[in-house]
Amino acid sequence: MTVPSYPVRVDARLDPHLSRWLWLFKWVLAIPHFIVLVFLWIAFAVLSVVAFFAILFTGRYPRPIFEFNLGVMRWTWRVNYYSYSALGTDRYPPFTLAEVPDYPAQLQVPYPDHLSRGLVLVKWWLLAIPHYLIVGVFVGGGVWLAGRSETLYYSWAGGGLIGLLVLIAAIILAVTGSYPSGLYNLILGLNRWVLRVAAYTSLMTDAYPPFRLDSGGDDPANAAIAPTTSGGGP
């Protein structure tokens, strides 16, 4: 059988030659991005309200708003991947909402032709509560859940389980000059979970996020699972 695919696809690749010490200064280098993202997430919040009512009355997410909001999330993922949600690349993130195919961090969400007008009332808060509790552990305990206004959502770096694991990876990188592959795969899986929940609660899909840690840089959209058979035959 296969693992059911999820419409939010998060892919990344680890730079083979990361600087041992650049990670100490990335918070400074990323400041211009953080400033821009504050304003982008304010616009995201306003446009999400417009999208909410559009879905409620028409069952459709306005395409221009969808593309803008996806661009904000994509930009955020690139910055977080560069900085303290992964430290997976030393390549400086581009200042663009557009997809950058050759950048090592990718986020893709297909445009939905139709969305449930009923689910839009509950999925972003009630249905997502179990995921909020889990993601809160990943990104910083109750801080993420308590401060879940869209204007504060521009970065989840530096806290929770993800922040701790990235710090461990940074120390190992400084000492050995290499990023442990197993740790990298786990960090990417946690980030993938966060981004799936973010897209769902941002009304971009009706598909409920799986309670599944798909680790590794490549999103296992339809990873094959070998069938099992009992001792009695096929």
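Residues numbered from 1 in each chain as written. Predicted model: local features only at pLDDT ≥ 70, side-chain atom pairs only at ≥ 80, totals over all residues. Heavy atoms only, no water.

**Describing the nonpolar core**
Put simply, the test is: We call a set of buried residues a nonpolar core when its members are Ala, Val, Leu, Ile, Met, Phe, Trp, Tyr or Cys and they connect through side-chain atoms within 4.5 Å of each other. Buried means the residue's accessible area, taken with a 1.4 Å probe over protein chains only, is under 20% of the maximum for its type, while exposed means over 50%, and partly exposed covers the values in between. What counts as a helix is a DSSP run of H or I of at least four residues, what counts as a strand is a run of E of at least two, and both are numbered from the N terminus. Whether two residues are in contact is decided by their heavy atoms: any pair within 4.5 Å suffices.
Formed by 62 residues in total, the largest nonpolar core has its most connected members in Tyr61, Met73, Trp77, Tyr81, Leu107, Ile187 and Met204. Secondary structure elements with two or more residues in this core: β1 (9-12), α2 (31-58), α3 (63-82), β2 (105-108), α4 (129-139), α6 (160-176) and α7 (181-201). It is α7 that provides the largest number of residues to this core, a total of 12 residues. Beyond its immediate sequence surroundings of up to four residues, Ile187 is in contact with Ser85, Ala86, Leu165, Val166, Ala169 and Tyr179.

**Comments concerning the packing of aromatic side chains**
The test is simple: In this analysis, rings of Phe, Tyr and Trp, with Trp reduced to its six-membered ring, are considered paired at centre separations within 6.5 Å, and the interplanar angle assigns stacked below 30 degrees, edge-to-face beyond 60, and tilted for intermediate values.
Within the structure shown, the criterion is met by 13 aromatic pairs. Residues Phe138 and Trp193 carry aromatic rings whose centres are separated by 5.5 Å and whose planes lie at 80 degrees to one another, so their mutual orientation is edge-to-face. Residue Phe138 is located in helix α4, and its partner Trp193 is located in helix α7; the two are separated by 55 residues in the primary sequence. Judged on exposure class, the residue Phe138 and its partner Trp193 are both buried. Connected via pairs of aromatic rings, a cluster forms that spans Phe138, Trp193, Tyr200, Tyr208 and Phe211.

**A few points about the packing of α2 against α3**
Under the convention used in this document: Here the axes come from fitting lines to C-alpha atoms, over the contacting stretch only for helices, and the angles between their N-to-C directions go from 0 to 180 degrees. In this scheme, roughly parallel covers angles under 35 degrees and roughly antiparallel covers those over 145, while 65 to 115 is roughly perpendicular and the rest are oblique. Here a crossing is taken to be left-handed if its near helix is turned anticlockwise relative to the far helix by less than a right angle, and right-handed if that turn runs clockwise. Residues are sorted three ways: Asp, Glu, Lys and Arg are charged, Ala, Val, Leu, Ile, Met, Phe, Trp, Tyr, Cys and Pro are nonpolar, and all the rest, Gly among them, are polar.
Where α2 meets α3, the axes come as close as 10 Å, and the angle between the chain directions of the two elements is 150 degrees. One way to sum up the angle between α2 and α3 is to call them roughly antiparallel. The hand of the α2/α3 crossing is left-handed. Mapping the contact onto sequence places His33, Phe34, Val36, Leu37, Leu40, Trp41, Ala43, Phe44, Leu47, Ser48, Val50 and Ala51 in α2 and Ile65, Phe68, Asn69, Val72, Met73, Trp75, Thr76 and Val79 in α3. Residue composition of the contact of α2 with α3, grouped by class: 16 nonpolar, 4 polar and no charged.

**Remarks on the confidence of the model for the protein chain**
The condition that has to hold: On a range of 0 to 100, pLDDT expresses the predictor's confidence in each residue.
Looking at the protein chain as a whole, its pLDDT mean stands at 88, while 85% of the residues score no less than 70. Ignoring residues within four places in sequence, the model shows residues 142-152, a span with pLDDT below 50, making 16 contacts including any to other chains. Ignoring residues within four places in sequence, the model shows residues 222-234, a span with pLDDT below 50, making 7 contacts including any to other chains.

**Looking at the packing of α4 against α7**
Direction vectors running N to C along α4 and α7 enclose 135 degrees, while the axes themselves pass 10 Å from each other. Between α4 and α7, the angle is such that the two are oblique. Classified by chirality, the crossing of α7 by α4 is left-handed. Residue-level inspection shows His131, Tyr132, Ile134, Val135, Phe138 and Val139 of α4 in contact with α7, the latter providing Leu190, Trp193, Val194, Val197 and Thr201. Its residues assigned to classes, the contact of α4 with α7 comprises 9 nonpolar, 2 polar and no charged.

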